[in-house]
Amino acid sequence: MPELPEVETIKRGLKKAIVGKKISDIKVLKSKSFQGDIKEVIGSIIKDINRRAKVLILEIQNSKTKQLKYLLIHLKMTGQLIIRLQTKEKITKGQNNKKSPFDVDGLPNKYTRVVIEFSDGSKLFFNDLRIFGWIKVVKDLEKAIGEKFGPEPLTKDFTLDYLKKVFQRSGKPIKLILLDQSKIAGVGNIYANEALFKAGVLPTRPANKLNESEIEKLKNAVITVLKEGLKYGGSSAADEAYRNVQGQKGKMQEHFKVYEREGQKCWRCSTKIKKIKMGGRGTYFCPACQR
Ligand SMILES: [Zn+2]
């Protein structure tokens, strides 16, 4: 699933590619993927693009009434947003992909769910193999996003005091707290695994058993791995669909220390990396380096 670094990379790409463009049409090829009335959106100008946690927020303005609305986009497990500047291909249900289901050479493809068309002829393709992702038309952003998420880890709101309070309140495994979007925004399975390795903390440790120095290490590790993810343009791991808006893969997977490295040697101590399941998600750690 795209996490903060991947969604942020997409946000930056979209900002360059589509701000100022006018939406001329929207083709919904899978009704579940688009919630709202396309008529409310067609004719609007993209004013700005933001991100909160793993949600993309497209601010749109009706060119006649000047009313502001928002298109919220969540990519969930396998969502992709790909921009094509000029494409003459007819927007119908596409063909099966020859290589990987996440290949974006010819768009639309079998997994294209929504196409947003702009007045200059460019198109934004929303592909989603698993169909958990969505695009939503929203009038009240505060109501839709408001209190749902904890602080963004790459802002000054992500403080040691805040984490101390959150961790002290729970005896749940620390990894599950890191994944809880209402506590910390944007961290998902990959970066939680990597941050816990970097901090030397076992994913199964009860949150309220971490001491202050461990909490501080973990806080810094979360920030470091997310920044690393951003630097490498996100991660396109073995089972994942992630592409940036140009259709290119990220490179963070080449720098994973534990994620998807079960049975391989720990970079630090050569002990074999272990894999367990926590909350249904693959959890990777070094049994020697992490305590
Ligand atoms: Zn180790």
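Remember, it's a predicted structure, so these values are computed and weren't measured experimentally.

Draft legend 1. Quick look at the sheet that holds strand 7 (residues 112-118). Spatially, the four strands line up as an open sheet ordered 1-7-8-6, and their pairing is antiparallel. For this open sheet the edge positions go to strand 1 (23-28) and strand 6 (79-84), each flanked by a neighbour on one side alone. Strand-to-strand twist of the sheet, defined as the mean angle between neighbouring strand axes without regard to direction, takes the value 15°. Of the strand pairs in this sheet, strand 1 and strand 7 are connected by five bridges, and their pairing is antiparallel. Among the inter-strand pairings, Val 28 is bridged to a residue of strand 7, identified as Val 114. Packing of helix 1 (residues 4-18) onto the sheet brings it into contact with strand 6, strand 7 and strand 8 (123-128), and relative to strand 6 it is tilted by some 25°.

Draft legend 2. A look at the packing of helix 1 against helix 6 (residues 212-231). Two elements in contact, helix 1 and helix 6, have axes separated by 8 Å at closest approach and are oriented at 40°. With respect to their mutual orientation, helix 1 and helix 6 come out oblique. Like other packed secondary-structure pairs, helix 1 and helix 6 cross with a definite hand, here right-handed. Within the contact between the two elements, helix 1 uses Leu 4, Pro 5, Glu 8, Thr 9 and Arg 12 and helix 6 uses Leu 226, Gly 229 and Leu 230. Considered class by class, the residues forming the contact of helix 1 with helix 6 number four nonpolar, two polar and two charged.

Thresholds, definitions, all that
- Residues numbered from 1 in each chain as written.
- Predicted model: local features only at pLDDT ≥ 70, side-chain atom pairs only at ≥ 80, totals over all residues.
- Heavy atoms only, no water.
- Pairing = 2+ DSSP bridges.
- Helix = DSSP H or I, 4+ residues; strand = E, 2+ residues; numbered from the N terminus.
- Axes fitted to C-alpha atoms, helices over the stretch in contact; angles between N-to-C directions.
- Contact = heavy atoms within 4.5 Å.
- Parallel < 35°, antiparallel > 145°, perpendicular 65-115°, else oblique.
- Left-handed = near helix turned anticlockwise from the far one by under 90°.
- Nonpolar A, V, L, I, M, F, W, Y, C, P; charged D, E, K, R; others polar.

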